[in-house]
Amino acid sequence: MMFNQSLVRVRAGRKPDRGNPDNTIPDWSPGAVTRLTVTQVNIQPSIQQEAVDEERDAVVTGWHVQSDEGTNPDILAVDRIEWDGMTLEVDGEVARWPELFEDAVHHIEFEMKRTTG
């Protein structure tokens, strides 16, 4: 498999919850987020769905991401991904595949998706 692609992981900052100052909530404002360029990944199409009803036409497009052997990029289910001019959501948990016979990560895999409509 080729691992010559890259993406940008976007992680929200935290801000106080107006309803409960003891809690914090995600802050997606431009000054609060952190970005990390992740290289050595392979990104492939995985899903294309269209749902039509009287209120809207929804299109869901998804991609499967796998990192190269020996990599463990800092990506979580709550992150967003910037790739190919789009901002995408991590769909589900990030799978960290174990290295055989060692206490280490072999590679990660996750799905990312975009919903429009």
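Before reading further, recall that the structure is shown in the block above.
Think of each chain on its own: its residues are numbered from 1, step by step along the sequence as written. Where local features are concerned, this predicted model is filtered to residues with pLDDT of at least 70; where side-chain atom pairs are given and counted, the filter is 80 or more; whole-chain, interface and lining totals use all residues. Note that water and hydrogens are dropped before the side-chain values are worked out from all heavy atoms of the structure.

**A few points about unusual backbone geometry**
- Of note in this structure, Q40 is not a glycine but carries a positive phi near 60°.
- Runs of E in the DSSP output that reach at least two residues are strands. Runs of H or I that reach at least four are helices, and both are numbered from the N terminus. Within the secondary structure, Q40 is located in strand β4 (residues 34-52).
- The exposure class assigned to Q40 is partly exposed, which follows from its relative accessible area of 38%.
- In this model, F101 sits at a positive phi of 65°, which is unusual for a non-glycine residue.
- Tracing the backbone shows F101 in the loop between β7 (86-98) and β8 (105-116).
- For every residue, the accessible area (1.4 Å probe, protein chains only) is compared with the maximum for its type, and the residue is labelled buried under 20%, exposed over 50%, or partly exposed between those bounds. A residue is classified by how much of its surface remains accessible, and F101, at 85% relative accessible area, is exposed.

**Observations regarding a negative patch on the surface**
- Together, E50, D53, E54, E55 and D57 make up a negatively charged patch on the protein surface.
- Looking at where E54 falls in the secondary structure, it is placed in the loop between β4 and β5 (57-67).
- Classification of E54 by relative accessible area gives exposed; the value is 76%. Patch membership requires more than 30% relative accessible area and the absence of a salt bridge. Residues of like charge join within 9 Å; the nonpolar side chains Val, Leu, Ile, Met, Phe, Trp and Tyr join within 5 Å. Computed with a 1.4 Å probe, the accessible areas rest on the Shrake-Rupley method; for each residue, only the protein chains presented here act as cover. By definition here, a salt bridge exists when the distance from a side-chain nitrogen of Lys or Arg to a carboxyl oxygen of Asp or Glu is within 4 Å. His is not counted, nor are the chain ends, whereas Lys and Arg count as positive and Asp and Glu as negative. Note that the charge is assigned to NZ on lysines, CZ on arginines, CG on aspartates and CD on glutamates.

**As for the sheet that holds β4**
- Spatially, the 6 strands close up into a barrel ordered β1-β4-β5-β8-β7-β6, and their pairing is antiparallel. In this sheet, adjacent strand axes meet at a mean angle of 45° when their direction is disregarded.
- Two strands pair if DSSP finds at least two bridges between them. Strand direction decides the pairing type here: strand β1 (residues 5-11) and strand β6 (residues 80-83), joined by 3 bridges, are antiparallel. Residue pairing across strands places R9 opposite I81, the latter belonging to β6. As a rule, the C-alpha atoms of each element are fitted with a line to give its axis, helices using only the stretch in contact, and angles between N-to-C directions run from 0 to 180 degrees.

**Some thoughts on the nonpolar core**
- With 16 residues, the main nonpolar core has L7, I43, I75, I81, W83, F110 and M112 as its most contacted residues.
- Of all the secondary structure elements, the ones that give two or more residues to this core are β4, β5, β6, β7 and β8.
- Looking at which element gives the most residues to this core, the answer is β7, with 4 residues.
- Residue contacts follow a heavy-atom distance rule, with two residues in contact if any of their heavy atoms lie within 4.5 Å. Filtering out sequence-adjacent residues up to four positions away, L7 remains in contact with L36, T37, V38, V41, I43, V65, I75, I81, E82, W83 and F110. Working definition of a nonpolar core: buried Ala, Val, Leu, Ile, Met, Phe, Trp, Tyr and Cys residues. They are joined through side-chain atoms within 4.5 Å.

**With respect to the environment of H106**
- Positionally, H106 belongs in strand β8.
- Between the C-alpha atom of H106 and that of R96, which follows or precedes it by 10 residues, the distance is 7.4 Å.
- Ignoring anything within four residues of it in the chain, the contact list for H106 reads D68, E69, G70, T71, W97, P98 and E99.
- At a separation of 2.8 Å, a polar atom in the side chain of H106 contacts the side chain of H107. Pairing of N or O atoms within 3.5 Å defines a polar contact, subject to two protein rules: one partner must be a possible hydrogen donor and the other a possible acceptor, and residues neighboring in sequence count only if both atoms are side-chain atoms.

**Looking at the environment of E102**
- Within the element layout of this structure, E102 appears in the loop between β7 and β8.
- Here the alpha-carbon distance between E102 and S46, two residues 56 residues apart in the chain, equals 31 Å.

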